[in-house]
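Spelled out from the first residue to the last, the chains are:
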Number of protein chains: 2
Amino acid sequence: MPGRNGKGPPWWHGKFRSCGYRLTIPREMILDVLNKAAKHLSAEEIYLAVQKVYSAIGLTTIYRTLELLVQMGLVFKFDFGDKRSRYELADGPKGIRHHYHLVCTGCGRVIDYTDFIDEAKELLLQTQKGLTKKYNFKITNHLIQFYGLCEKCQK
Amino acid sequence: MPGRNGKGPPWWHGKFRSCGYRLTIPREMILDVLNKAAKHLSAEEIYLAVQKVYSAIGLTTIYRTLELLVQMGLVFKFDFGDKRSRYELADGPKGIRHHYHLVCTGCGRVIDYTDFIDEAKELLLQTQKGLTKKYNFKITNHLIQFYGLCEKCQK
DNA sequence: ATTGGGAATGAAAACCATTACCATTAGGAG
DNA sequence: CTCCTAATGGTAATGGTTTTCATTCCCAAT
Ligand SMILES: [Mn+2]
Ligand SMILES: [Mn+2]
Ligand SMILES: [Zn+2]
Ligand SMILES: [Zn+2]
C-alpha cells in the first residue's frame, strides 16, 4: 500500500498524472491534510492547517484544488447545514470504508456510520438500475443522510 | 378535502393556529405560490411570483416565512447544487406523494421519482431503528438523492 | 541541465444568497 | 374598537465562494 503510511509516491499520484494534472506543493499539502484529518473539514480549516507548514498558501488555491479533487472523485463535498461546505477524502481503492452520515440538527455534530451498508447497497443497486432504465439517467453517485437529535440535544 | 381545490379555509390554517402563529397575507401568498408551483422554487422565484399579485412583499419576508414553514414541517428545503436553496410544499396528510430526487450534474435538471419508495421505506425504517439504538440518536428526517447525467447530458 | 510555454498560484476585489437591524404596520384576543 | 405585540419590508451588512490578473513554476521537449 504505497504512500499509505510510509515512503513511495502516494497512491493519488497516478490518478493525477493520468488526468494530465500537475503535481504541485499546494495540491500535495491539501491532500495530506485531508488524509490525516480526523473529521470533515471546511475550506478554511484546510487553509489554516496547510498554512501552518506552508505559509504561502492562498485560500483561493484551497477552493480551486478542492473543486478539482471533487471533480476527480478523490474527495467528497458535503453540506451538513452549517453554511459552509465540508470535505472528506474519498479513500482510494484500498481503504474502502464507505459510510453515511448522521447529522444532529441541534448541535451540528456529525456521526459516520457504516451500519446497514450492505442492505443499503442492495437496495441502491436495484433502485439505480430501475431509475437508469426508466429515465435513461446515468447515475454516478448518491447521497444519504439522516437528521435528528443526538443524545445531549434530546434533553 | 377543504381548501384543496375549492372554497373553505386551506388545510394549513389549523396548523398555523395551533402553533400560535398569525395568518397574514404574505404567508398565505407564499403558501399559495408553493402550492401551485410545478417545480422546486428558489426564494427569489417565490418572491417574484408573489410580487406579481402583491407588490408590497419583501424578500426578507420570503426568507423568514420559508424558514418558519420548514420548521413547521409544511415545506422541505433542498440543495441541488445550484448555489441557492430550493423549496417544495410537503403536501399535507392527504396528498401523500412522498418522493426523492434525481439530480443531473450536467444541466441541473431535477426529476422527482416515486419508484422503489416502499422498499426504501422498509430499509430506512430498519436503519433508523438500528441507528437510534446504537447511537441513541432520535432521527426525525432523512435525505436521499441520486446524482448523474440525464439523457441529453450523456452525449 | 536548460528552457519555453501553458498550467497553477495568490492577493485583492467582486459576487451574491442570506441575515441583521430597526422603524412601521397590522393580526386578532379581549 | 383598542391595544399589544408579532410580523413586515427597506436597507445595510455578512461571509462563504468565485473572479480577475499579474506572477510563478511544473515538466516535456530540447
Ligand atoms: Mn464522513
Ligand atoms: Mn421534488
Ligand atoms: Zn446534538
Ligand atoms: Zn442534464
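Use the structure listed above.
How each quantity is defined
- Residues numbered from 1 in each chain as written.
- Chains lettered and ligands numbered in written order.
- Predicted model: local features only at pLDDT ≥ 70, side-chain atom pairs only at ≥ 80, totals over all residues.
- Heavy atoms only, no water.
- Donors = N, O, S within 2.8 Å, 3.2 Å for Na, K, Ca; no water.
- Tetrahedral: all angles 85-135°; square planar, octahedral: opposite > 155°, others 65-115°.
- Helix = DSSP H or I, 4+ residues; strand = E, 2+ residues; numbered from the N terminus.
- Pairing = 2+ DSSP bridges.
- Near = heavy atom within 4 Å.
- Polar contact = N/O pair within 3.5 Å; in protein donor to acceptor, adjacent residues only side chain to side chain.
- Nonpolar A, V, L, I, M, F, W, Y, C, P; charged D, E, K, R; others polar.
- Phe/Tyr/Trp six-rings, centres within 6.5 Å; stacked < 30°, edge-to-face > 60°.
- Buried < 20%, exposed > 50% of the residue type's maximum accessible area, 1.4 Å probe, protein only.

K.L.:
Sorry if this is basic, but what is going on with the coordination of the zinc ion (ligand 3) here?
P.N.:
Expected angles at a metal are 109.5 degrees for tetrahedral coordination by four donors and either 90 or 180 degrees for octahedral coordination by six donors. All names here are of chain A. Taken together, the protein ligands of the zinc ion (ligand 3) are Cys 104 (SG), Cys 107 (SG), Cys 150 (SG) and Cys 153 (SG), with distances of 2.3 to 2.4 Å. Taken together, the four donor atoms surrounding the zinc ion (ligand 3) define angles of 106 to 114 degrees at the centre, an arrangement classified as tetrahedral. One chain supplies every donor for the zinc ion (ligand 3), spaced along it as C-x2-C-x42-C-x2-C. With Cys 104 in strand S4 (residues 100-104) and Cys 153 in the segment after strand S6 (138-149), the pair connects residues that are 49 residues apart, well separated along the chain.

K.L.:
Where do I start with the sheet that holds strand S3 (residues 86-89) of chain A in this structure?
P.N.:
Within a beta sheet, neighbouring strands are joined by backbone hydrogen bonds and run either parallel or antiparallel to one another. Residues and elements named next belong to chain A. With respect to topology, three strands assemble into an open sheet ordered S1-S3-S2, the strand pairing being antiparallel. Each end of this open sheet is capped by a strand with a single partner; those strands are strand S1 (41-42) and strand S2 (75-78). Both S2 and S3 contribute to a ladder of four bridges, which runs antiparallel. Paired with Val 75 across the two strands is Leu 89, which belongs to S3.

K.L.:
I tried to follow the protein's contact with DNA strand D on my own but got confused; where do I start?
P.N.:
Inspection of the region around DNA strand D gives 21 residues, with A:Leu23, A:Tyr63, B:Thr24, B:Thr61 and B:Arg64 positioned closest. Counting only atoms of DNA strand D within 4 Å of the protein, the sugar-phosphate share comes to 65%. The separation between a base nitrogen of DNA strand D and a polar side-chain atom of B:Arg22 is 3.1 Å. Contact between DNA strand D and B:Ala56: a phosphate oxygen at 3.2 Å from a main-chain N or O atom of the residue. Sorting the residues of the surface near DNA strand D by element identifies helix H4 (59-72) of chain A together with helix H2 (25-35) and helix H4 (59-72) of chain B as the ones contributing at least two each. Class assignment for the residues of the surface near DNA strand D results in seven nonpolar, six polar and eight charged.

K.L.:
Looking at this structure, how should I read the packing of aromatic side chains?
P.N.:
Aromatic rings in a pair are described by how distant their centres are and how their planes are angled relative to each other. One pass over the full model with this rule turns up 10 aromatic pairs over all chains. Geometrically, the ring pair formed by A:Tyr113 and A:Phe146 is tilted, given 6.2 Å between the ring centres and 55 degrees between the ring planes. Note that A:Tyr113 is positioned in strand S5 (residues 110-113) and A:Phe146 in strand S6, a separation of 33 residues in sequence. Judged by its relative accessible area of 3%, A:Tyr113 is buried. Between B:Phe78 and B:Phe80, the ring centres sit 5.5 Å apart and the planes meet at 10 degrees, which makes this aromatic pair stacked. Since its relative accessible area comes to 13%, B:Phe78 is described here as buried. Classification of B:Phe80 as buried rests on a relative accessible area of 8%. Among the aromatic side chains, those forming a connected cluster through ring pairs are A:Phe76, A:Phe78 and A:Phe80.

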